[in-house]
Amino acid sequence: MTAKDNHFFADTSFLITAASLNPVARSDLDRWIAGLGNRFHVPAWVGHEVFGKISAKPELFIPMAKAAEQAIQAVETLQVEARRYVDDGRAKATDEQSDRLSYLGNLDSLARPLLRQAGLLRQARQTVEDCSDWIVEVVNKSVLQSDIYRGIANLDAEFAARAIGGHPPGFLDKGKADKQRAADNRYGDLIIWREILDHVRTLESGSVVLLTNDNKQDWVYTPPTVIEENGRPQGNDGRNGLKVILPLPLLVHEMKQAREDAGLAILNLGMLAQTLHSFQGDAEHLFNAYQPIAFTPTEPVSPLPTTPDGAETDAPAAPEPAEPVSSIDVGQLVEALASSDPAAATEAVAGLRDALMKNAAIDDVRAFVQRLMMAAERDVEAASILLREIITESFGINREARVAILRASIEALYYDAQGKLRDRPLREPLEDVFALQTVPQMRDAVTSLAERIGPSRRFFMVTPDPAAPQLSLSPVAERDAEGVRELKGLYFGELALLEDVARDSPRSLTRIMGGVTQARVADLRHALAGYFCVPESQLDVGLSRFDSVCWDGLTGLIDWGTSTGLQLR
């Protein structure tokens, strides 16, 4: 890692995994790559593969969305099966004081916050466009000028010989897209490996580090035991934070045939993060992205604790401050929330969270909430998390301060710092703030907002309402030639929500959906909720009978907002 003449080669799996990192962790990786200069390389075939996946498989760039969807499905399945499985007898087996209804109620109270967090994570702040922009820039700066067509006529024979003998790399790909040449990428690993060997032959010195998250057995092996510095054997199971993988010996042999003094190592992104942090004291955010966090378990709490008769009670007492936080310090932190530098805004959020936990006073709650929510809208993730923690009472703060913050957040969703009605409500904090609409203690704030918006509410598909009304859309869909339902129309009441737009329009449904013209109904519902700024839980798109839908490339969504004058209801 530290040798100044080593060269690093990134493959497709490494770049895609890196692209989906949070922005702060990815910045650590960017700095490390920049420090390598001309010793960081992207094989030309990797560039070819990456560009193909950007258009054909955009879901690879948002693994968070897939993981969140799987979690939601798993929890909802658990609830369904529990209702079928649990009776009073089985409930009492877990708790003598429990019956079926109380057991299922407790399960539901645990499931709801998890479903809510998964729903928020499914929004996958890291968009396909952001990921692809990052990858394109990395590839263009570092791509090898390889002649990937040299020897391509002999590729079939070489691949067959390697596959028969189990000679790496890529012999596990021998069945991939068999006899379907249009989708065939069996030779991808081999072409990349030949590019690396060709480049190594042009270098006077230095070893090779292959950066890959494709840790299959046709590239690497994992030794069961490693010897620590003190000479003791240690199981290689990752419990100490680092799991060692090594290149297959035949790859090392072939590398030395290319140049006798060239060594070979293989790192995945997690190993790279651990190595940079442990041995160079660098890349803290990248390291943290791969480390488990041990939290102290806490009991679930209600948004605002109440007694059985509905009266408000005091929130859990905030811890006594170790050191008082001055109003000047708090004011400076609130000012820093407006910074265009994500790192500076994140640091300000951390300071404000600490100040709230120390019971520090916030002189201008409205200014604090406005800037916190605008930071969340700019994708400062720490700001979204802090707002969510305040709403869900994840840590103890003064009850009066919390209530004031919650009331101000309902207002700030629709009104800016100058008191002007926003063209559209803030999208990022919307799901969190709408969770307050059914909280009894927030009813007067919700009513006050409705009175203030007045007739302008018609410009919005929905505004906070204690009844949390369901919004039902009416789709028009026809089967296409492949049997998939093609979306021809979508109505909210009598209002048509679809219209033809230019393919590069920001209102293009294909662009909104990440470059695809077919998607699961759940993903379409998620995208429509985001575009029209409504809580996803309140939106029914009327397509529950279908798994997926498609649309043509000219299909787009209507423009809306107070500036358009279009009345949505």
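Conventions we followed
- Along each chain, the written sequence defines residue order, and numbers are assigned to residues from 1.
- pLDDT decides what is reported in this predicted model: residues at 70 or higher carry local features, side-chain atom pairs at 80 or more are listed and counted, and totals for whole chains, interfaces and linings draw on all residues regardless.
- Remark: hydrogens and water are excluded; side-chain values derive from all non-hydrogen atoms of the structure.
- Strands are runs of DSSP state E lasting at least 2 residues, helices are runs of H or I lasting at least 4, and numbering of each runs from the N terminus.
- Throughout this description, buried means an accessible area under 20% of the type-specific maximum (1.4 Å probe, protein chains only), exposed means over 50%, and partly exposed covers the range between.
- Whether two residues are in contact is decided by their heavy atoms: any pair within 4.5 Å suffices.
- All accessible areas in this document rest on Shrake-Rupley with a 1.4 Å probe, and a residue is counted as covered only by the protein chains that are shown.
- Basic side-chain nitrogens of Lys or Arg form a salt bridge, by our definition, when they fall within 4 Å of a carboxyl oxygen of Asp or Glu.
- Between the rings of Phe, Tyr and Trp (Trp by its six-membered ring), a pair exists once the centres lie within 6.5 Å; its type follows the angle of the planes, with under 30 degrees stacked, over 60 edge-to-face, and the other angles tilted.
- The rule for a charge over a ring is simple: NZ of Lys or CZ of Arg within 6 Å of the ring centre, and within 35 degrees of the ring normal.
- In this scheme, a helix's expected span is set at 1.5 Å multiplied by one less than its residue total.
- For the purposes of these results, a polar contact is taken to be a pair of N or O atoms within 3.5 Å, where, inside protein, one atom must be able to donate a hydrogen and its partner to accept one; residues adjacent in sequence count only when each atom of the pair is a side-chain atom.
- Criterion used throughout: strands pair if DSSP finds at least two bridges between them.
- To obtain each axis, a line is fitted to C-alpha atoms, and for helices this fit is confined to the stretch in contact; angles are then taken between N-to-C directions over 0 to 180 degrees.
- Between 65 and 115 degrees an angle is taken as roughly perpendicular, under 35 as roughly parallel, over 145 as roughly antiparallel, and anywhere else as oblique.
- Working rule for handedness: look at the near helix, and if it is turned counterclockwise from the far one by less than a right angle, call the crossing left-handed; if clockwise, right-handed.
- Each residue gets one label: Ala, Val, Leu, Ile, Met, Phe, Trp, Tyr, Cys and Pro are nonpolar, Asp, Glu, Lys and Arg are charged, and the others, such as Gly, are polar.

(A) Broad picture of the overall build of the protein. Each helix and strand counted, the protein has 21 helices and 17 strands in total. The proportion of buried residues among the 569 residues of the protein is 43%. Counting contacts in the protein only where the partners sit at least 6 residues apart, residues at least 24 apart contribute 73% of the total. When the accessible surface of the protein is totalled, it reaches about 29,500 Å², and 52% of it is carbon and sulfur.

(B) Local environment of the pattern of salt bridges. Applying the stated rule across the entire model yields 21 salt bridges. Between Arg-26 and Asp-130 there is a salt bridge; the shortest N-O distance is 3.3 Å. In this pair, Arg-26 sits in helix H2 (residues 23-36) while Asp-130 sits in helix H7 (residues 128-142), placing the two residues 104 residues apart along the sequence. Accessibility expressed as a relative area gives 7% for Arg-26, which makes it buried. On the basis of relative accessibility, which here comes to 29%, the residue Asp-130 falls in the partly exposed class. Residue Arg-112 pairs with Asp-108 through a salt bridge whose shortest N-O separation is 2.9 Å. Placement of both Arg-112 and Asp-108 in helix H6 (residues 100-121) is noted, with a separation of 4 residues, approximately one turn of the helix. A single network of salt bridges, built from pairs that share partners, joins Arg-116, Arg-388 and Asp-432.

(C) Representation of the packing of aromatic side chains within the structure. Per the counting criterion, the structure on display carries 5 aromatic pairs. With centroids separated by 6.5 Å and ring planes inclined at 85°, the aromatic side chains of Phe-460 and Trp-560 adopt a geometry described as edge-to-face. On the criterion of sequence distance, the pair formed by Phe-460 in the loop between helix H19 (443-453) and strand E9 (471-472) and Trp-560 in the segment after strand E17 (555-557) is long-range, its members being 100 residues apart. Note on accessibility: Phe-460 and Trp-560 belong to one class, buried. Here Tyr-531 and Phe-532 contribute two aromatic rings whose centre-to-centre distance is 4.9 Å and whose plane-to-plane angle is 90°, an arrangement assigned as edge-to-face. Considered together, Tyr-531 and Phe-532 belong to a single accessibility category, that of buried residues. Put simply, the rings of Tyr-414, Phe-460, Tyr-531, Phe-532 and Trp-560 pair up and form one aromatic cluster. The residue whose ring lies beneath Arg-424 is Tyr-531, and the NZ or CZ to ring-centre distance is 5.0 Å. Arg-452 extends its terminal NZ or CZ atom over the ring of Tyr-415, reaching a point 3.8 Å from the ring centre.

(D) Representation of helix H15 (residues 365-377) in the model. Taking 1.5 Å of rise per residue, 13 residues should cover 18 Å, and H15 covers 18 Å from first to last C-alpha, within 8% of that figure. Of the residues flanking the start of H15, the one acting as N-cap is Asp-364, its side-chain oxygen 3.3 Å from the backbone nitrogen of Arg-366. In the stretch just after H15, Asp-379 is the one whose phi turns positive, near 70°.

(E) Main features of the sheet that holds strand E1 (residues 7-10). In spatial order, the strands read E2-E1-E3-E8; together these 4 strands make up an open sheet with parallel pairing. Edge positions in the sheet fall to strand E2 (40-41) and strand E8 (264-267), since each has one partner strand and no second. As paired elements, E1 and E2 share 2 bridges and run parallel to each other. Residue pairing across strands places Phe-8 opposite Phe-40, the latter belonging to E2.

(F) Structural detail: the packing of helix H3 (residues 44-56) against H7. Two elements in contact, H3 and H7, have axes separated by 11 Å at closest approach and are oriented at 165°. By the criterion of interaxial angle, the relationship of H3 to H7 is roughly antiparallel. Along this stretch, H3 crosses H7, giving a crossing that reads as left-handed. Residue-level contacts link Gly-47, Val-50, Phe-51 and Ile-54 of H3 to Ser-132, Ile-135, Val-136, Val-139 and Asn-140 of H7. Across the contact of H3 with H7, the residue classes break down as 6 nonpolar, 3 polar and no charged.

(G) Just unusual backbone geometry, in detail. The backbone of Asn-359 shows a phi angle near 65°, a positive value even though the residue is not glycine. Here Asn-359 shows up in the loop between helix H14 (342-357) and H15. Phi is positive for Cys-533, close to 55°, though the residue is something other than glycine. With respect to the secondary-structure elements, Cys-533 resides in the loop between helix H21 (521-531) and strand E15 (539-540).

Interpretation in functional terms is not warranted from these geometric data alone.
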